[in-house]
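Residue-level structure breakdown
Listed below, chain by chain, are the residues.
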Amino acid sequence: MLRIAEFVGVEVDRELLPAMVKACTFEEMHKNAGTVAPLNGVLWEGGGQSFIFKGTNQRWVGVLSDAQVQAYLEKASKELPADCAAWLENGSK
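Description of the structure in this document. (Residues numbered from 1 in each chain as written. Predicted model: local features only at pLDDT ≥ 70, side-chain atom pairs only at ≥ 80, totals over all residues. Heavy atoms only, no water.)

Section: the overall build of the chain
Applied cut-off: By the criteria applied, helices consist of DSSP H or I runs no shorter than four residues and strands consist of E runs no shorter than two, each listed in order from the N terminus. As a reference, a globule follows 2.2 Å times the number of residues to the power 0.38, and the radius of gyration itself is taken over C-alpha atoms. Here the term buried applies to any residue with accessible area under 20% of the maximum for its type, exposed to any over 50%, and partly exposed to those in between, with areas from a 1.4 Å probe on protein chains only. Calculation of accessible area relied on Shrake-Rupley with a 1.4 Å probe; when residues are assessed, cover is drawn exclusively from the protein chains displayed. By the counting scheme adopted, Arg and Lys are positive, Glu and Asp are negative, and His together with the chain ends is not counted. To locate a charge, take NZ of a lysine, CZ of an arginine, CG of an aspartate or CD of a glutamate.
Tallying secondary structure elements over the chain gives seven helices and zero strands in all. Along the chain, helices and strands appear, N-terminal first, in the series α-α-α-α-α-α-α. Taken against the 2.2 N^0.38 rule, which gives 12 Å for 93 residues, the C-alpha radius of gyration of the chain at 16 Å runs more than 25% over that of a compact globule. C-alpha extents for the chain along the principal axes are approximately 50 × 30 × 20 Å. Here the chain holds 93 residues, and the buried ones make up 14% of them. Summed over its atoms, the accessible surface of the chain is roughly 7,700 Å², and 59% of this surface lies on carbon and sulfur atoms. Side chains of the chain give 9 positive and 12 negative charges; the mean places of these two sets differ by 5 Å.

As structure tokens, this is what we get:
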């Protein structure tokens, strides 16, 4: 969290850091999904709980057709820097 704050040029009150870190855990975001999901989750069937669901990567494997995956890869390679595309596909492994 401190690296992100430094990157975007924001000072962090060290006394608030533990609460901030806790608020960013998957468990806390899932618990408060109706508040933290985009548009409070109204775009997803099941609301924010559907958007912030399991916190696992690559749940999409086997869901999309080969053509859909290929279309995504082509679009990602045109629109995203390689490191961003890798993060989007694999998380922060």
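Picking up where we left off.
Digging into the side chain of Glu-28
The following threshold applies: A contact between two residues is defined here by any heavy atoms of the two lying within 4.5 Å.
You can see Glu-28 is positioned in helix H3 (residues 26-31). The exposure class assigned to Glu-28 is buried, which follows from its relative accessible area of 17%. Setting aside chain neighbours within four positions, we find Glu-28 in contact with Lys-22 and Ala-23.

So, the pattern of salt bridges
Note that side chains of opposite charge can pair when their charged atoms are close. Here is the rule: What counts as a salt bridge is simple: a side-chain nitrogen of Lys or Arg found within 4 Å of a carboxyl oxygen of Asp or Glu.
As enumerated under the stated definition, the model contains three salt bridges in all. One salt bridge connects Lys-31 with Glu-28, and the closest N-O pair in it is separated by 3.2 Å. Of the two residues, Lys-31 and Glu-28 are both situated in helix H3; the distance of three residues between them amounts to about one turn of the helix. Using a relative accessible area of 55% as the deciding quantity, one classes Lys-31 as exposed. Put simply, Lys-75 and Glu-79 hold a salt bridge, and the shortest N to O gap is 3.5 Å. A residue pair is termed a helical-turn pair when its members lie 3 or 4 positions apart in one helix, as Lys-75 and Glu-79 do in helix H6 (residues 66-79) at four residues.

A closer look at a nonpolar patch on the surface
What counts, and what does not: Think of a patch as exposed residues, more than 30% relative accessible area, with no salt bridge, where like charges cluster within 9 Å and nonpolar side chains (Val, Leu, Ile, Met, Phe, Trp, Tyr) cluster within 5 Å.
On the surface, a cluster of nonpolar side chains totalling about 320 Å² of accessible area is made up of Met-1, Leu-16, Met-20 and Val-21. Tracing the backbone shows Val-21 in helix H2 (residues 17-23).

A short note on the packing of H6 against helix H7 (residues 82-90)
Put simply, the test is: An axis is simply a line fitted to the C-alpha atoms; with a helix, the fit covers only the stretch in contact. Between two such axes, the angle follows the N-to-C directions and lies from 0 to 180 degrees. In this scheme the handedness of a crossing depends on how the near helix is turned from the far one: anticlockwise by less than a right angle means left-handed, clockwise means right-handed. Each residue is assigned to one of three groups, with Ala, Val, Leu, Ile, Met, Phe, Trp, Tyr, Cys and Pro labelled nonpolar, Asp, Glu, Lys and Arg labelled charged, and all others, Gly among them, labelled polar.
Two elements in contact, H6 and H7, have axes whose closest approach is 9 Å; the angle formed by their N-to-C orientations is 145°. When you trace H6 past H7, the crossing you get is right-handed. For the pair formed by H6 and H7, the contact residues are Tyr-72, Leu-73 and Ala-76 on the first element and Ala-85, Leu-88 and Glu-89 on the second. A class-by-class count of the residues in the contact of H6 with H7 yields five nonpolar, no polar and one charged.

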